[in-house]
Amino acid sequence: MDPAQHLDRTGDVLVTDGRIAALDPNARAPGTPVVDARGLIVCPGLIDIHVHLREPGAEHKETIETGTRAAAAGGFTAVACMPNTKPAIDTVETLTLIIERARAVGSCRVYPVATITARREGIELADVAALRRHGAIAFSDDGDGVENDDLMRAAFQQAKDLDVVLIQHCEYKSISAGGVMHKGAVSDRLGLPGLDRASEDRMIERDIALMRETGARYHVAHISTAGAVQLVRDAKAEGLPITTEVCPHHLLLTDEACTERDPNTKMHPPLRSAADVDACKAGLVDGTIDCIVTDHAPHAADEKAKGFLAAPPGIVGIESSLALVLKAFPDASPMGWLGLIHRMTVAPAEVLGLEVPTLSPGRPADLTLIDPHAKWRIDPVAFHSKSRNTPFSGWGVVGRPVATFLGGRLSHCLDSEDRRLEWRKAAIN
Ligand SMILES: [Zn+2]
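Here the residue numbering is sequential within each chain, running from 1 through the sequence in written order. For this predicted model, a pLDDT threshold of at least 70 governs which residues receive local features, and a threshold of 80 or more governs which side-chain atom pairs are given and counted, while totals over whole chains, interfaces and linings are taken from all residues. Side-chain metrics rest on all non-hydrogen atoms present in the structure, leaving aside hydrogens and water.

Chemist: So what about the pattern of salt bridges? Which residues, and what values?
Modeler: In the sections that follow, a salt bridge refers to a side-chain nitrogen of Lys or Arg positioned within 4 Å of a carboxyl oxygen of Asp or Glu. A complete count under the given rule lists 22 salt bridges for this structure. As a salt-bridge pair, Asp144 and Arg120 come within 3.0 Å of each other at their nearest N and O atoms. You can see Asp144 sitting in the loop between strand S7 (138-139) and helix H4 (149-162) and its partner Arg120 sitting in the loop between strand S6 (109-114) and helix H3 (128-133), a full 24 residues away along the chain. Judged by its relative accessible area of 23%, Asp144 falls in the partly exposed class. By definition, any uninterrupted DSSP run of H or I lasting at least four residues is a helix, any uninterrupted run of E lasting at least two residues is a strand, and each is numbered from the N terminus. Relative accessible area decides the class of each residue, using a 1.4 Å probe on protein chains only: under 20% of the type maximum gives buried, over 50% gives exposed, and in between gives partly exposed.

This is how it looks when you write it as structure tokens:
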């Protein structure tokens, strides 16, 4: 399945020297090793443009090595990592460190997102031009929104000049201050401070106005409210270059999941109402929401054990992403498999301006092999990530990436050790 070519058919993929050589090759060279993928979907490698790899600064939660290993296990061949590391990715030095580290130990391609503002403080702009020149794929203060209007306007102007996308974590802390879950009947019942939808919606409104002024590309991170979905839908209808993404947990869970005060149900933006979940699902189906991301946010067990109020927000997601999307949309309906894979390959690549992933001859053999019928249970203990913070522990799911190839080499294989050796041999030749 190759969404870029609207291709869905049975056949062989010939890989030579780490690149796609042909589709449906009718003459296999004698001695060519074969990966038996009968019954599996073969598609371009999945891309997650919103993950937290935690390195540098919080290597007890995750490292570039473990995070990209987890990504490969989730079927991903590329991720964009967010800059709320310590130090933040606001200097060429830190940016370069991540790029080099990922090249040395990464199990997938890593595209670092750099900060919009210096030290992610929201006071003055980072040197975005230099960061762009040295490989920043996009800019974001993720974890925080840029609240100051003049500063955000200046960021938009720079982004327009550099033809780069700004990714906004849409949250006015002045509205959300102190909130730990969605503000509504459930937060009232639990007596927990709420995060109002308005903190997300108002920032998107402000940014859409700045887009009209500047014409810069803009991407709403982890959309979660019905109002936000409608704002993006209207802005797209107006012709503005706006895109957005949604996380599996915002397609599956509501604030009712917080009833037991499990810190693994605490994230920003929070789990919201059933109406918001329905709006996110409808937005993903109709194309208002461009792509699926995880906001993979590893935290150590003792940090999450501090209780709902004190625990840091966020959950891991990169190893359960595809299966959870299929939980929300069984058998990929109504988007269809091509449509779903599009939202996890072509669409995220387009948001960042990456080359569109496709199975065309000459392109790197970044491939994901998916068993669409595999039934399994999500078990955090088996995660390759350093962290286990997920509210989906024990969930029964259907559909699973079983092997991932990065530039023709096996970066993950779920199957038996025998199969793994056989495939690795095939992949090396
Ligand atoms: Zn965020």
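Picking up after the structure, the text goes on.
Chemist: Let's hear about the packing of helix H1 (residues 64-73) against helix H2 (residues 92-105): which residues, and what values?
Modeler: To get an axis, a line is fitted to the C-alpha atoms, and for a helix only the part in contact is used. The angle between two axes follows their N-to-C directions and goes from 0 to 180 degrees. Where H1 contacts H2, the axes come no closer than 9 Å and their chain directions differ by 60°. What the angle tells us is that H1 and H2 run oblique. Here H1 runs over H2; the crossing is right-handed. Residues Ile64, Glu65 and Thr68 of H1 form the contact with H2, whose own contacting residues are Ile98, Arg101, Ala102 and Val105. Note on terminology: angles under 35 degrees are roughly parallel, angles over 145 are roughly antiparallel, angles of 65 to 115 are roughly perpendicular, and the others are oblique. Helix crossings get a hand from a simple test, with the near helix turned counterclockwise from the far one by less than a right angle marking a left-handed crossing and a clockwise turn marking a right-handed one. When checking whether two residues touch, look at their non-hydrogen atoms; a contact exists if any pair is within 4.5 Å.

Chemist: Can you lay out the sheet that holds strand S15 (residues 396-406) for me, pointing to particular residues and giving the numbers?
Modeler: When DSSP finds at least two bridges between two strands, those strands are taken to pair. In space, the four strands of this open sheet follow the order S3-S14-S15-S16, with antiparallel pairing throughout. Two strands bound the open sheet, and with one partner strand each, they are strand S3 (41-44) and strand S16 (409-413). Strand-to-strand, the axes of this sheet are offset by a mean angle of 30°, without reference to chain direction. Inspection of the sheet shows S15 paired to S16 by four bridges, in the antiparallel sense. Along S16, the bridge assignment pairs Ala403 with Cys413. Its contacts with the sheet put helix H12 (residues 321-328) on strand S14 (367-377) and S15, and the angle it makes with S15 is roughly 145°.

Chemist: For the pairing of strand S5 (residues 76-81), give the residues involved together with the corresponding values.
Modeler: By the criterion of burial, S5 is predominantly enclosed, with six of the six residues buried. Bridge analysis of strand S4 (residues 46-51) against S5 gives four bridges, and the strand direction is parallel. Its bridge partner being in S5, Leu46 is matched across the sheet by Phe76. Two strands pair when backbone bridges link them, and S5 and S6 are joined in this way by four bridges, in the parallel orientation. Counterpart to Cys81 in the pairing with S6 is Pro112.

Chemist: Kindly report on helix H8 (residues 226-237), identifying the contributing residues and their values.
Modeler: With twelve residues, H8 should reach 16 Å at 1.5 Å per residue; the first-to-last C-alpha distance of 17 Å fits that figure. Of the residues making up H8, those classed as buried are Ala228, Val229, Leu231, Val232 and Ala235. Down the axis of H8, the buried side of the element spans an arc of 160°, and every buried residue falls inside it. On its buried face, H8 is in contact with helix H7 (197-214), strand S11 (218-220), strand S12 (242-246) and helix H10 (274-286). Immediately downstream of H8, the backbone of Gly239 shows phi near 95°, a positive value. Under the convention used throughout, the expected extent of a helix is 1.5 Å for every residue step, that is, one less than its residue count. To be clear, the arc concerns the directions from the helix axis to the C-beta atoms.

Chemist: Got a sec to walk through the coordination of the zinc ion? Specific residues and values, please.
Modeler: Only nitrogen, oxygen and sulfur atoms within 2.8 Å of the metal, or 3.2 Å for Na, K and Ca, are treated as donors, and water is left out, so sites may look incomplete. Protein coordination of the zinc ion is provided by Asp142 (OD), His169 (ND1) and His222 (NE2), with donor distances spanning 2.0 to 2.3 Å. Read in sequence order, the donor residues coordinating the zinc ion give the pattern D-x26-H-x52-H. With Asp142 in the loop between S7 and H4 and His222 in the loop between S11 and H8, the pair connects residues that are 80 residues apart, well separated along the chain. Assessed through its relative accessible area of 2%, Asp142 is described here as buried.

Chemist: Run through the packing of H7 against H8, naming residues and quoting values.
Modeler: At a minimum axis distance of 9 Å, the contact between H7 and H8 shows a crossing angle of 15°. One element, H7, and the other, H8, form an angle in the roughly parallel class. Here the hand of the crossing between H7 and H8 comes out right-handed. Along its contact with H7, which presents Glu200, Asp201, Ile204, Glu205 and Ile208, the element H8 presents Gly227, Ala228, Leu231 and Ala235. Put simply, Ala, Val, Leu, Ile, Met, Phe, Trp, Tyr, Cys and Pro go in the nonpolar bin, Asp, Glu, Lys and Arg in the charged bin, and everything else, Gly too, in the polar bin. Counted by class, the contact of H7 with H8 contains five nonpolar, one polar and three charged residues.

Chemist: I'd like a description of the packing of aromatic side chains, backed by residues and values.
Modeler: Stacked, edge-to-face and tilted are the three classes for Phe, Tyr and Trp ring pairs, Trp counted by its six-membered ring, which pair at centre distances within 6.5 Å; planes under 30 degrees apart are stacked, over 60 edge-to-face, the rest tilted. Following the criterion strictly, the structure yields two aromatic pairs and no others. Ring centres 5.6 Å apart and planes at 45° place the aromatic pair Phe156 and Tyr218 in the tilted group. Of this pair, Phe156 sits in helix H4 while Tyr218 sits in strand S11, placing them 62 residues apart in sequence. Between the aromatic rings of Phe392 and Trp395, the centroid separation amounts to 4.8 Å while the plane-to-plane angle is 90°, which identifies the pairing as edge-to-face. Two thresholds decide whether a charge sits over a ring: the Lys NZ or Arg CZ must be within 6 Å of the ring centre and within 35 degrees of the ring normal. Between Lys281 and the ring centre of Phe329, over which it is positioned, the NZ or CZ distance is 5.2 Å. In this structure, Arg400 is placed above the aromatic ring of Trp376, and the distance from its NZ or CZ to the ring centre is 3.8 Å.

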